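The chain contents come next:
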Amino acid sequence: MALFMVVLVLLFILALSVCTALLRWNELKFSKKGLPPGTMGWPIFGETTEFLKQGPNFMKNQRARYGSFFKSHILGCPTAVSMDPELNRYILMNEAKGLVPGYPQSMLDILGKCNIAAVHGSTHKQMRGALLALISPTMIKQQLLPKIDEFMRNFVSDWDNKIIDIQEKTKQMAFLSSLKQIASVESTSIAQEFMPEFFKLVLGTLSLPIDLPGTNYRRGLKARKIILTILKQLIEKRRGNQESHKDMLAYLMSKDDNNRYKLSDDEIIDQIITILYSGYETVSTTSMMAVKYLHDHPSILEELRKEHMALREKKRPEDPIEWNDLKPMKFTRAVIFETSRLATIVNGVLRKTTEEMELNGFVVPKGWRIYVYTREINYDPFIYPDPLAFNPWRWMLGISK
Ligand code: HEM
């Protein structure tokens, strides 16, 4: 028994020494004069686990220890985190000085090499132009709004007297409504195969890029392959028949003068994945939080209902919500702004240095990621008095409550 205890203690000491040595080795690997303060965690993994598990608390703890500009190693990259509003503004406004979008390798691999996050300069301009054309005011009026109206009526039509899992439903809503915008007619038939693969793709984009069986990264890459096959078949099928379509895919595929951006099939597919991806987590979580906040604040729900009922009174039940209906919906807009502020779905954005540079008196080496962390500004009591309160009236100029 005594021998067993000795072996156990020795093993424990050995494990502790190995861990300390690995942590120390990783710190030394990234030690360079002038780097921001901070810790780099474990070799390869860095501090990814803490970052994903603790979320905003990880950032707050590190800021308390190292100040508002510190280093870390997350999602496979050495990263400088900026929580300083002035520095954040400078970084976001200086793409030309070598501060370009810098999303994690897992995201770039899974979303594709033509994805807007993966391209810079003139290609980025071209991709952004093609995306913006899909959401121009004309497209919103003629295609997006009528389809959203039709989709939502259908989607909520059987919710009465049922217990609804809002998290599950808002995820489905965000994905299916985007799919309908992309491929109106075929969306119902491809959704069943597409949706589970899309969810795996999303998980894969926020993982360490380690291509081993059982990892989210491997599952994400596999899901991308299946999605590529579905979308390629869809494009071929449309080319093979003469039916005309009015949706985003039709616009991206069209070769007439209305479409300034003639994209290759690979670019079209990566654009579609971008639209689905960008609008998924953002819209689903914001909608879910709106339901929660309205549930927790019955008087705000009542005010919102009043605005909607006043609008509906002027319409027949089957009439859709239209572009001109949106402008007068001031309280609805305030609820959306307040939900976006309080829920803060996007904590920040990622940039990358194309050369070594000095920021706030520290050196950031070439190729490092910069996490421009903007979350805290939404809870600044000087900008938003009583910042943790859900108060849509704060967005209505001259009306306070
Ligand atoms: C609550 C909803 C949303 C939030 C909070 C949000 C937030 C953001 C943020 C913060 C960025 C900047 C990323 C960066 O600079 O690195 C961004 C970019 C982008 N978003 Fe959204 N987004 C939302 C909805 C959507 C939707 C529905 C779409 C799909 C049509 C979309 C498509 C995009 C695209 C394509 C970009 C990249 C633009 C570029 O690189 O030029 N977003 N979004």
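Residues numbered from 1 in each chain as written. Predicted model: local features only at pLDDT ≥ 70, side-chain atom pairs only at ≥ 80, totals over all residues. Heavy atoms only, no water.

Here we look at the domain arrangement of the protein chain
So, step 1. Split by domain assignment, the protein chain resolves into domain 1 (29–115 + 346–395) and domain 2 (121–296).
So, step 2. If you average the C-alpha positions of domain 1 and of domain 2, the two centres end up 28 Å apart.
So, step 3. Contact residues are listed per partner, giving 18 residues for domain 1 and 21 residues for domain 2.
So, step 4. Taken over both partners, the interface formed by domain 1 and domain 2 buries close to 1700 Å², and the fraction arising from carbon and sulfur atoms is 72%.
So, step 5. When the buried surface of domain 1 facing domain 2 is broken down by residue, Ile110, Leu111 and Cys114 rank first, second and third, together holding 37% of it.
So, step 6. At the junction of domain 1 with domain 2, the criterion picks out 0 salt bridges.
So, step 7. In this structure, the connection of domain 1 to domain 2 is made through 8 residue pairs in polar contact (both at pLDDT 80 or more).
So, step 8. Breaking the side of domain 1 that touches domain 2 down by element, the ones donating at least two residues are helix H2 (48–54) and helix H5 (105–111). (Domains from an automatic or database assignment. Contact = heavy atoms within 4.5 Å. Buried area = accessible area lost by both parts, 1.4 Å probe. Salt bridge = Lys/Arg side-chain N within 4 Å of Asp/Glu carboxyl O. Polar contact = N/O pair within 3.5 Å; in protein donor to acceptor, adjacent residues only side chain to side chain. Helix = DSSP H or I, 4+ residues; strand = E, 2+ residues; numbered from the N terminus.)

Focus on the packing of helix H6 (residues 121–134) against helix H12 (residues 265–278)
So, step 1. Relative orientation of the contacting elements H6 and H12 amounts to 60°, with a least axis distance of 11 Å. The pairing of H6 with H12 is recorded here as oblique in orientation. Viewed along their axes, H6 and H12 form a crossing whose handedness is right-handed. From H6, Met127, Ala130, Leu131 and Leu134 reach across to H12, where they touch Glu267, Gln271, Thr274 and Ile275.
So, step 2. Residue composition of the contact of H6 with H12, grouped by class: 5 nonpolar, 2 polar and 1 charged. (Axes fitted to C-alpha atoms, helices over the stretch in contact; angles between N-to-C directions. Parallel < 35°, antiparallel > 145°, perpendicular 65-115°, else oblique. Left-handed = near helix turned anticlockwise from the far one by under 90°. Nonpolar A, V, L, I, M, F, W, Y, C, P; charged D, E, K, R; others polar.)

What about the pairing of strand S1 (residues 69–74)?
Side-chain positions along a regular strand alternate between the two faces of the sheet.
So, step 1. With respect to burial, S1 is a largely interior element, 6 of its 6 residues being buried.
So, step 2. Going residue by residue along S1, you find Phe69, Lys71 and His73 tucked away on one face and Phe70, Ser72 and Ile74 tucked away on the opposite face as well.
So, step 3. Bridge analysis of S1 against strand S2 (residues 77–82) gives 6 bridges, and the strand direction is antiparallel. If you follow phenylalanine 70 over to S2, its bridge partner there is valine 81.
So, step 4. Linking S1 to S2, which pair antiparallel, is a turn of 2 residues; within it leucine 75 sits at a positive phi near 50°. (Buried < 20%, exposed > 50% of the residue type's maximum accessible area, 1.4 Å probe, protein only. Pairing = 2+ DSSP bridges.)

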